[in-house]
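Descriptive structure summary
Here is how the chains run, residue by residue.
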Amino acid sequence: MKKIYLILTLIFVTGSSAFSQSIDFDNLLEGGIKNGNQLLEGYLSPAFAGMGYAMNAGWYNTAKPHKLLGFDVTVTTNFAMVPSSANYFSFNASAYEDVTLENPLNSDSPLYGTNKLPTAFGPNLDADDIPFLVFNAGTDEEVRITAPTGTGIDEELPFVAVPSGALNIGIGLIKNTELKLRLLPKYSSDDGSFSSFGIGVMHDVKQWIPGIKNLPFDLSGFFGYTTMEAIGVIDEDLGQQAVFNVSGTTLQGVISKKLAILTVYGGLGFTTSKTTFDLEGKYDQVAEEDPISLTSNNGGMKANVGARIKLLILTFHAEYAFQEYNTFTAGVGLSIR
C-alpha cells in the first residue's frame, strides 16, 4: 500500500517538516468511508483547532486607530499552543461501523488497556506500542491494521504549537476608524498551493462616551475576518489532493495606554473558526470519489495582553492570548500615525 504525504499544519506556510506526517490513507479507507472520516476527525482535531486559534491572533498592537491616512505595515507570527490533553483522542466504538480496538503487542505501552489513540500531536510510538484497528472482525472481510501514530514533534521542538503568519496593513479612515487588511499572497508549487486574506475594522468607541472620552487611555472595538485555503497534492495523475479551508472571526474590545515609547494593551471578547478538510480524488479501497470530508468548529472567549515598543516609525510587539489554545504572538512593523 502506498504512503501519501498529508500536510497537517501547512508545510508550505511553516517551512518545517516537523508539522507533516505520513499517513496511509489506503489503510484508513479499508474500513469504509464512514470509519475513515471518523478516525481522521479524531486524529486531526488538534490541528484544526490550532489553525483557527492561530489564524485569529495578532490583529493589532494598540487600541488607538490611525489618524486619517495614517498607516502601518506589520509582519506577525502566531503560535497556538497545543495542550497536552490533545495528544490523544478517545475511540468510541459506537461511532464506527464494525470496528474494534485491540491492545498493542507491548503490554507496557501507554495505550495498553485504554480506548485512547494518538492524535497528530501525540507521541510517535513504536509499532509494538500502537493499538490495532480491526474492521469486520470474524468475517471473511476482516482487515487488521495498526492505528496511526503521532508525529512526536514534542521531542523535536521546544514547545508544541500550530503556527500562523501574516502581513497586516492598517489604514486610517474618518471618525477614528481604521481598516485592517491581512494578506499572504498565493504561493504555488508542485506540492500544492496556499493563499490567505483577512479584513478587519477598529473603531474608537471612547469618543462616544461622554464620561470617559477625555481620560488618558484608548478604547476601541475590533472585528476581524480571515479566510485561508491550502491544497496539498497527493497524486496529480489520479487527481488526489488534500484541501484545507479555514475561516475565522474575532470580536473584541481593546484598551491601551501609551507610556513614552511603550504601549501596553489588552483585549477581551471571543473568536470562532471553521475548518474543513477534503480528501479529493479516486482511491482503490472505496468506490466513491472524494471519500473524506471533515468539518471542525472551534472558538470561545479570548483575553489577551501585550506590549509594543515604538522607535520613530519602527515597532516591535508581543502578546499572549488566554483561550482554549493559548496563543503567543510576536511582530515587527513600520507605523506612521
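Bear in mind that the values here come from a model prediction, so they are computed numbers and not experimental data.

Cut-offs used in this document
Residues numbered from 1 in each chain as written. Predicted model: local features only at pLDDT ≥ 70, side-chain atom pairs only at ≥ 80, totals over all residues. Heavy atoms only, no water. Helix = DSSP H or I, 4+ residues; strand = E, 2+ residues; numbered from the N terminus. Polar contact = N/O pair within 3.5 Å; in protein donor to acceptor, adjacent residues only side chain to side chain. Contact = heavy atoms within 4.5 Å. Patch = residues over 30% accessible without salt bridge, like charges linked within 9 Å, V, L, I, M, F, W, Y side chains within 5 Å. Areas by Shrake-Rupley, 256 points an atom, 1.4 Å probe, with all protein chains shown as cover. Salt bridge = Lys/Arg side-chain N within 4 Å of Asp/Glu carboxyl O. Lys, Arg positive; Asp, Glu negative; His and termini not counted. Charge placed at Lys NZ, Arg CZ, Asp CG, Glu CD. Buried < 20%, exposed > 50% of the residue type's maximum accessible area, 1.4 Å probe, protein only. Phe/Tyr/Trp six-rings, centres within 6.5 Å; stacked < 30°, edge-to-face > 60°. Lys NZ or Arg CZ within 6 Å of the ring centre and 35° of its normal. pLDDT = per-residue confidence, 0-100.

Turning to the side chain of Thr177, a few remarks are in order. Looking at the element boundaries, Thr177 is found in strand E10 (residues 177-189). At 2.7 Å, the side chain of Thr177 and the side chain of His203 are in polar contact. What Thr177 contacts, discounting residues up to four positions off in sequence, is Pro65, His66, Ile171, Gly172, Val201, Met202 and His203.

Once that is clear, we can look at a negative patch on the surface. A surface patch of negative charge is lined by Asp190, Asp191, Glu236 and Asp237. Position of Glu236 among the secondary structure elements: in the loop between strand E12 (218-235) and strand E13 (240-259). Note on Glu236: relative accessible area 69%, which makes it exposed.

Let us look at the packing of aromatic side chains. A complete count under the given rule lists nine aromatic pairs for this structure. Where Phe91 meets Tyr96, the ring centres are 4.6 Å apart and the plane angle is 20°; that geometry is what we call stacked. Judged by its relative accessible area of 6%, Phe91 falls in the buried class. Classification of Tyr96 as buried rests on a relative accessible area of 9%. Between Arg182 and the ring centre of Trp59, over which it is positioned, the NZ or CZ distance is 4.3 Å. In this structure, Lys206 packs its charged tip against the face of Phe217, placed 5.0 Å from the ring centre.

Our focus in this paragraph is the confidence of the model for the chain. When the pLDDT values of the chain are averaged, the result is 87; 92% of them are 70 or greater. Contacts for the low-pLDDT stretch residues 1-22, under 50 throughout, to residues beyond four places or in other chains number 73 contacts.

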